[in-house]
Amino acid sequence: MSFYPTKIAEIFKLPKNAGTLNGANAFGTGASFLCGAFVRLSLCIDKEKRITEAKFQTNGCGYMIAAANVLCGHLADRRLTKLHGLTQDEPHVRITDEIGEFPEGRKQCLELVIEALKNALSDFRSRTLEEFQGEKALICTCFGVSEETILSVIDLYKPNDVCDISEICNAGLGCGSCQMIIQEMLDAAESELEL
Ligand code: FES
């Protein structure tokens, strides 16, 4: 009898998305200081912003292996522009739909896998910005939205939050990595109004 529930045990025996990727161009890690486990995701993202392959490495338990394996399977062949800002807990739902709810003490394994994904997407955004050669500062690399566009959306539409801005110009609606900087722009505009 396995120590893990059946579905987790099956993946644990044969995690087909485990390993490293040649030519990966986005990397993200999630790590726990409590138990010392880490998970590292490698993604290959093509010029069309499509994740062509995703793999993981971990020293974690069967729950972490299963969560990372399922997530990598769901990421393959998805466009960043179709990730909907990674809100609505979509990755959580996809994983738990496939392998079931995680017991209380193992929820952290799931969180670390999602954290690794967010870090990998943020890594890809940073790399894209480094290579970007346009004249206007780019904020959302998924949808090619410039700083100038976001500032004019803030000025014209007086949005209440990042979601309002996303609705108007799509910025933030892909991988979600730019949402924090959009929030900072919004905060800066609000504090200017208060002066
Ligand atoms: S950079 Fe991906 S949603 Fe903006």
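What you see is a predicted model; the values in this text were computed from it and never measured.

Q: Help me understand the overall build of the protein chain in this model?
A: Looking only at helices and strands, one finds seven helices and six strands in the protein chain. The helix and strand sequence of the protein chain, counted from the amino end, reads α-β-β-β-α-β-α-α-β-β-α-α-α. Along the first, second and third principal axes, the C-alpha atoms of the protein chain reach 65 × 35 × 30 Å. When each of the 195 residues of the protein chain is scored for burial, the buried share is 36%. Across the protein chain, every contact between residues at least 6 apart in sequence was considered, and the portion connecting residues at least 24 apart equals 60%.

Q: What exactly am I supposed to notice about unusual backbone geometry here?
A: You will see that Lys158, though not glycine, has its phi angle at about 45°, which is positive. By secondary structure assignment, the location of Lys158 is in the loop between α5 (147-157) and α6 (162-169). For Asn170, which is not glycine, the phi torsion reads 75° and is therefore positive. The residue Asn170 is located in the loop between α6 and α7 (179-194) in this model.

Q: It is not clear to me how α6 should be interpreted in this structure. Could you clarify?
A: Among the residues making up α6, those that are buried are Val162, Ile165, Ser166 and Cys169. The arc enclosing the buried residues of α6, seen along the axis, measures out at 100°, which places them on a common side. On its buried side, α6 packs onto β6 (145-146), α5 and α7. With its phi angle positive at about 75°, Asn170 sits one or two positions after the end of α6.

Rules behind the numbers
- Residues numbered from 1 in each chain as written.
- Predicted model: local features only at pLDDT ≥ 70, side-chain atom pairs only at ≥ 80, totals over all residues.
- Helix = DSSP H or I, 4+ residues; strand = E, 2+ residues; numbered from the N terminus.
- Buried ≥ 20, exposed ≤ 12 C-beta atoms within 10 Å, placed from the backbone.
- Contact = placed C-beta atoms within 7 Å.
- Arc of directions from axis to C-beta.

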